[in-house]
Amino acid sequence: MKKNILFFIVAGALTLSACSKDFLERIPANKVPEEQFWKTENDVYLAVNSIYGKLPGESIAYDDGASDLVHAQYPWESPSTEITSGEFSTAINAGWDYVPIRVTNYFLENVDKAVMDEGLRARYIAEVRFVRAYLYIKMFRRFGDVPLITKVLDRDEANVPRTPRAEVLNFVLTELQAAADVLPAQYEGGLYKEKGRITKGAALALKARVHLFESNWEMASKAAQDVMTLGYQLFSTTEESDLDRADDYTKLVDFDNEADQKRFRAGLRSYEGLFHQKNEGNSEVILDHGYAEQTLAQSLNTLFLEGGVGGWSSLAPTQHIVDAYGSYKTGKAITPVTGAKRAENYAKADKTDFVAEFKNRDPRFYASILFETAPWNALTSDGGYAFKWVNGSSNMSQTGYNFRKMVDPTASRAGIDNHANIILIRYAEVLLTFAEAQNELAGPSTAIYDVLDQIRVRAGMPKVDRVEFASQPKLREFIRNERAVELVLEGLRYDDIRRWKTAPDVMKSINKINNTLAQERVWDDRLYLMPVPQQEIDLSYGVLKQNTGYN
């Protein structure tokens, strides 16, 4: 078992570091005797690099596919489609996986064998402890009690009962703080110090996320404030290519003057640009999953775009997220038309009345959502692209909308895969964590408004209305909506609606823009926890017990 794990680690590390000549000369790529590994600093470096691959990538978008904001239309791609249907089966696995955890445990048991700098060893251990904590967070958030395994098990130890959730939570928080105490705030670059490695900020930001999800408001606020002292900033740009400038938003937004239009366009480009490959590692990124150009691609361009431009429409916006984007002119919520009226407007050959519903919206709306006639000249090599929904067409969304957020148009124009890193933690989330935690602790304050204004101004939106949102309940709803529009597709909404206990209210059946059914959704309170896969219970000979409500 240990040799299999070692081969798995080194094979992955070789993929990441194929240029390491001395390593390739010493150890065959198809066979790694254990006695030949764990010798040098570079051995450990390669093993750690492989473990980074255990962090999630594009799968975070599928996590949102199990929420009210996103429709995952293909059940063979993820469990999200069945989760939202309310008919979730114990035959399906919603994330119960100990293989990557076993790999981290194996590393931690063997890293002391190598001859290397002790400070570097301590840092690598902290990086791997962070990864293991990250993996456990999703496990206990999904399943509640889960076996807490911190060593490589022998065969006679394999059947481990579920550990109480509180104990796993305490373990994770302890691990993250231990990692934060060792990890640097940033890396200088170069061998062993590459930018993009796990930092103190990542450990503290993940700690803040966990405390927020557990409603530990004081601790969430404190951890977020610790991150806020480390120098991160929201990404901002005014850069537009010729193709970007060709997008005519004067038909969609009633600009007051040229300065107003510049503000709008800067908000749109800043928000969409932070996810593009050319802006990788920008000032907002706290942790991302790296993709090497021409070596390792991610699939978001394919998953989000429609069939006419090579996509599958695997994950599409629901009307709920479309309606969440407020008015660019006032900063207030919009009043959507009824489903029947929307369908009536859509049925007209002239789409003027239909498009009127999407005028004067938050710039993040145009950076995130493709709706009928939405311009995006940068998407195709010949320019001139405008979204058109064709009901029932191959690889077309079921809702009438597609996602634009996280799609890299440069790759689309070139006809190549998207290699942009996928951001797992960013500074905007930390600011929203601080805002929510502080509001729950003590109600509205200048500090809360200030951090929300940072996010709003970057997006080109008006600042928070201090009068309208002067009460704790009203500011709570504002913050929750801001999390939806700012963080959609980033893997947090599934947990948000469950921790807020709003899932029964928002997990409703969704319709297409022609007001016909896109997906019937049924909420059942058992869905606050996912079932332990029956296969895992069977393999444990009944040592693992099922969650309530699942047969």
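Please read all numbers here as calculations on a predicted model, not as lab measurements. Starting afresh in each chain, residues are numbered from 1 along the sequence in its written order. Under the rules for a predicted model, residues below a pLDDT of 70 receive no local features and side-chain atom pairs below 80 are neither given nor counted, while totals for whole chains, interfaces and linings still include all residues. Each side-chain value is worked out from all heavy atoms of the structure, with water and hydrogens disregarded.

Caption draft 1: Spatial organisation of the packing of helix H19 (residues 427–442) against helix H20 (residues 446–458). Throughout, an axis means a line fitted to C-alpha atoms (over the contacting stretch in the case of helices), and angles, computed between N-to-C directions, take values from 0 to 180 degrees. Here a strand is any run of E in DSSP of at least two residues, a helix any run of H or I of at least four, and the numbering for each starts at the N terminus. The contact between H19 and H20 brings their axes to 9 Å, and the two run at 150 degrees. In terms of orientation, H19 lies roughly antiparallel with respect to H20. Of the two possible hands of crossing, H19 and H20 adopt the one that is left-handed. Touching Tyr427, Ala428, Leu431, Leu432, Phe434, Ala435, Gln438 and Asn439 of H19 are Ala447, Ile448, Val451, Leu452, Gln454, Ile455 and Arg458, all from H20. Classification used: nonpolar for Ala, Val, Leu, Ile, Met, Phe, Trp, Tyr, Cys and Pro, charged for Asp, Glu, Lys and Arg, polar for all others including Gly. Of the residues that constitute the contact of H19 with H20, the class distribution is eleven nonpolar, three polar and one charged. Should an angle fall under 35 degrees it is called roughly parallel, over 145 degrees roughly antiparallel, and 65 to 115 degrees roughly perpendicular, with every other angle called oblique. By convention the crossing between two helices is left-handed if the near helix lies anticlockwise of the far one by an angle smaller than a right angle, and right-handed if it lies clockwise. A contact between two residues is defined here by any heavy atoms of the two lying within 4.5 Å.

Caption draft 2: How the structure looks around the nonpolar core. Of all hydrophobic cores here, the largest spans 161 residues; its most connected members are Phe107, Phe130 and Phe304. For this core, the element with the most residues is helix H7 (residues 118–143), which contributes 14 residues. Apart from residues lying up to four places away in sequence, phenylalanine 304 is in contact with Ala61, Ser313, Leu315, Asn402, Phe403, Lys405, Met406, Val407 and Leu489. Side-chain atoms within 4.5 Å are what join buried Ala, Val, Leu, Ile, Met, Phe, Trp, Tyr and Cys residues into a set we call a nonpolar core. Per-residue accessibility, obtained with a 1.4 Å probe over protein chains only, is compared with the maximum for each type, and a residue is labelled buried under 20%, exposed over 50%, and partly exposed between these values.

Caption draft 3: A look at the packing of aromatic side chains. Here a pair means two rings of Phe, Tyr or Trp (six-membered ring of Trp) with centres within 6.5 Å. Their orientation is stacked below 30 degrees between planes, edge-to-face above 60, and tilted elsewhere. All told, the structure shown has 30 aromatic pairs when counted by the stated rule. An angle of 40 degrees between the planes, with centres 4.9 Å apart, marks the rings of phenylalanine 358 and phenylalanine 371 as tilted. Separated by 13 residues along the polypeptide, phenylalanine 358 in the loop between helix H16 (352–356) and helix H17 (363–368) and phenylalanine 371 in the loop between strand S4 (369–370) and strand S5 (402–403) bring together distant segments of the chain. A relative accessible area of 0% places phenylalanine 371 in the buried class. For the ring pair tryptophan 523 and tyrosine 528, a centre distance of 5.2 Å and an interplane angle of 75 degrees mean the geometry is edge-to-face. Relative accessible area serves as the criterion here: at 16%, tryptophan 523 is assigned to the buried category.

Caption draft 4: Quick peek at the side chain of threonine 380. Mapped onto the elements of the fold, threonine 380 is located in the loop between S4 and S5. Pairs of N or O atoms within 3.5 Å make up the polar contacts considered here, provided that, within protein, one atom can donate a hydrogen while the other can accept it, and that residues adjacent in sequence are counted only when both atoms are side-chain atoms. At 3.0 Å, the side chain of threonine 380 and the side chain of aspartate 382 are in polar contact. Non-local contacts of threonine 380, meaning those with residues more than four positions away in its chain, are made with Val309, Tyr385 and Arg413.

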